[in-house]
Amino acid sequence: MVRNRSTKPTSFDIAYLAGVSQPTVSRALRGSKSVSLATRQRIEAIARELHYSVDKNASSLRSQRSNTIALLFFDEQTPDDAKINPFYLAMLASITAQCATRGYDLLISFQRMEDDWHVRYQDSHRADGLILLGYGDYTLYESRLDQLVSQGTHFVRWGAVQDDGIGGTVGSDNAGGGRLAGEHLLAQGRRNIAFIGQPDEHYPEFANRYRGLLQALEKAGITHDPRLTRNAVSFEESGYRAARSLLEAGLPFDALFAASDLIAIGAMRALGEAGLSIPGDVAVVGFDDILAARHTNPPLTTLVQDMQAAGTLLVDTVVARIEGRDPPPAMIPARLVVRGSTIE
C-alpha cells in the first residue's frame, strides 16, 4: 500500500504503483537499458507524479558507488600552451548531456600522463568509471591502460579501435577516413600525395589514416613514394616543420594529407611562405574538422568525426561497464567535408 502522502515518497511506493520490483525502479531511474523503454517511461511518469527525487547519498551508500563519471583530459605538451587538443573539447557538450540523461554527475579533470591518474579515481571512490581523452604516445599510455584493466577499473577511451582487449574503446573509422581523403585527392587529378603525421605504433590513429590513404592509392594503381611522408604530432608547429622538411627535400608533390587539422594548418602556413598556392599548387586535406578548419585561408577540406555520437557512445560504454556489461568497441564513420583547400 502506498504510504501516507505527508511522508516523503520512496522507490518502494513507485514500485508498488508500477507493479515492478524496487530494484527495477532503481535501475530505471538510473537510465539503465536493462529495463525496457515502456517500463522505464512508466516508472519515470509515476516518479514525476509523486515529486520523487533520487537520494544520491543513500543510493551511493547502498551500492558503494559515487554516481559520478570522471572525464580525464591529458596534457599533450603543445608548445603553444593550449594543452588540450580542441578536437576533444568538441565532445564535452554531448558527454555532459548524456551523463545527465543516464543519471551520473560528471567530474572533469586535467591530468599529466606521468602522474598516477590510473590509481587515483576509482581506488578513492571518487568515480565509478573513467572516460579518457587524449594521450600522446600510445606506447607510453598502453601500460597505464593495462594497469587499469588489472585492477578492475571501469573505463572507456577515445582512440584507435583495435582488438587489444584493453578496456572499452570508441573511435572513428580512421582507415575509412584516409581512403576518403585519398579518393578525393585522386579525383582532383592529384598523383603525388604527401602525408604528414606519425604513422606507427606510437600514434595508431595516424597509422590507420595513412593506411587508408595507401589503400586508395593502391586501388588507383599508384605506388606511394615513402619519401613523401614526414612525422608530425598534432599541433601546428609540428605540421609547419614537417612541411618545411618536405619542401627543402625538393621532392615534387601536388597534394598533402595531414593526420589532423592542427598539422594541416601548420603545413598550410609553410606552403604559403614558400610561395605555393592552395589548392592550385598543392591541395590539402586535414582530419577532425575543428572550428579553426573553417577559418583558414582557404578553408580546409577535412574529415568530420561525429562528436555528438562520440560523446553519447563514450558515456553509454562506460556505464555499461559499470553495470557489468561488456559492449563491443564502437567505430564511428568519418565524413569528408570539401572546402577551398582542395577545390578552386
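Residues numbered from 1 in each chain as written. Predicted model: local features only at pLDDT ≥ 70, side-chain atom pairs only at ≥ 80, totals over all residues. Heavy atoms only, no water.

(A) Just the pairing of strand β4 (residues 155–158), in detail. Taking every second residue as pointing to the same face, both faces of β4 are buried, with F155 and R157 on one and V156 and W158 on the other. Alignment of strand β3 (residues 129–133) against β4, held across 3 bridges, turns out to be parallel. The residue of β4 that forms the bridge with L132 is R157. Considered for its hand, the β-α-β crossover made up of β3, helix α8 (residues 138–150) and β4 is right-handed. (Buried < 20%, exposed > 50% of the residue type's maximum accessible area, 1.4 Å probe, protein only. Helix = DSSP H or I, 4+ residues; strand = E, 2+ residues; numbered from the N terminus. Pairing = 2+ DSSP bridges. Right-handed = clockwise from strand over helix to strand, strands pointing away.)

(B) Here's a closer look at the nonpolar core. Counting 68 residues, the largest nonpolar core has M91, I131, L133, W158 and L256 as its most contacted members. Of all the elements, helix α12 (residues 261–273) adds the most residues to this core, at 8 residues. Among the nonpolar cores identified, the runner-up in size contains 13 residues, and L72, L130, Y135 and F155 belong to it. (Core = buried A, V, L, I, M, F, W, Y, C linked by side-chain atoms within 4.5 Å.)

(C) Expanded view of the confidence of the model for the protein. Mean pLDDT over the protein stands at 85; residues scoring 70 or higher make up 86%. Within the model, the stretch residues 57–63 combines pLDDT values under 50 with 4 contacts to residues more than four positions away or in other chains. (pLDDT = per-residue confidence, 0-100. Contact = heavy atoms within 4.5 Å.)

(D) Fine view of the side chain of S341. Tracing the chain through its elements places S341 in the segment after β12 (334–337). Here S341 falls in the buried class, since its relative accessible area comes to 0%. Non-local contacts of S341, meaning those with residues more than four positions away in its chain, are made with M268, I278, P279, V282, A283, V284, P298, P299, L300 and T301.

(E) Region of the structure containing helix α2 (residues 22–29). Taken together, the buried positions of α2 are occupied by Q22, T24, V25 and A28. The arc that holds every buried residue of α2, seen down its axis, measures 155°, which confines them to one face. Among the structural elements, α1 (11–18) and α3 (37–49) are those in contact with the buried residues of α2. Remark: G31 follows α2 within two positions and exhibits a positive phi of approximately 85°. (Arc of directions from axis to C-beta.)

(F) Examining helix α10 (residues 204–219) more closely. Its 16 residues place the ends of α10 22 Å apart at the C-alpha level, agreeing with the 22 Å of an ideal helix rising 1.5 Å per residue. When we look at burial in α10, the residues that qualify are P204, E205, F206, A207, N208, R209, Y210, G212, L213, A216 and L217. Immediately beyond the C-terminal end of α10, within one or two residues, lies G221, with a positive phi of roughly 75°. (Expected span 1.5 Å × (residues − 1).)

(G) View of the sheet that holds strand β6 (residues 193–196). Taking strand neighbours across the sheet as the criterion, the 4 strands line up as β7-β6-β8-β9 in an open arrangement whose pairing is parallel. This sheet does not close on itself; its edge strands, each paired only once, are β7 (229–230) and β9 (283–285). The pairing of β6 with β7 spans 2 bridges and is classified as parallel. Across the sheet, the residue bridging to F195 is T229, located in β7. Against the sheet, helix α11 (residues 236–249) contacts β6, β7 and β8 (255–258), and its axis sits at roughly 145° relative to β6. Across the sheet, α12 touches β6, β8 and β9, and the angle it forms with β9 is around 160°. (Axes fitted to C-alpha atoms, helices over the stretch in contact; angles between N-to-C directions.)

(H) Quick look at the packing of helix α9 (residues 174–187) against α10. The geometry of α9 relative to α10 is characterised by a closest axis approach of 6 Å and an angle of 40° between their N-to-C directions. In this view, α9 runs oblique relative to α10, as classed from their interaxial angle. Two packed elements cross with a definite hand, and for α9 against α10 that hand is right-handed. Two secondary-structure elements touch here, α9 through N174, A175, G178, R179, G182, E183 and L186 and α10 through E205, N208, R209, R211, G212, L213, Q215, A216 and L217. The residue inventory of the contact of α9 with α10, partitioned by class, reads 5 nonpolar, 6 polar and 5 charged. (Parallel < 35°, antiparallel > 145°, perpendicular 65-115°, else oblique. Left-handed = near helix turned anticlockwise from the far one by under 90°. Nonpolar A, V, L, I, M, F, W, Y, C, P; charged D, E, K, R; others polar.)

(I) Region of the structure containing the sheet that holds strand β1 (residues 68–74). Pairing is parallel across the open sheet formed by 6 strands, whose spatial order is β2-β1-β3-β4-β5-β11. Of all strands in the sheet, those with a lone pairing partner are β2 (105–111) and β11 (330–332), marking the two edges. Strand-to-strand twist across the sheet, computed as the mean angle between neighbouring axes with direction ignored, equals 20°. Alignment of strand β5 (residues 168–172) against β11, held across 3 bridges, turns out to be parallel. Counted as the bridge partner of V170 is A330 from β11. Across the sheet, helix α13 (residues 307–322) is in contact with β1, β3, β4, β5 and β11; its angle to β4 comes to roughly 155°.

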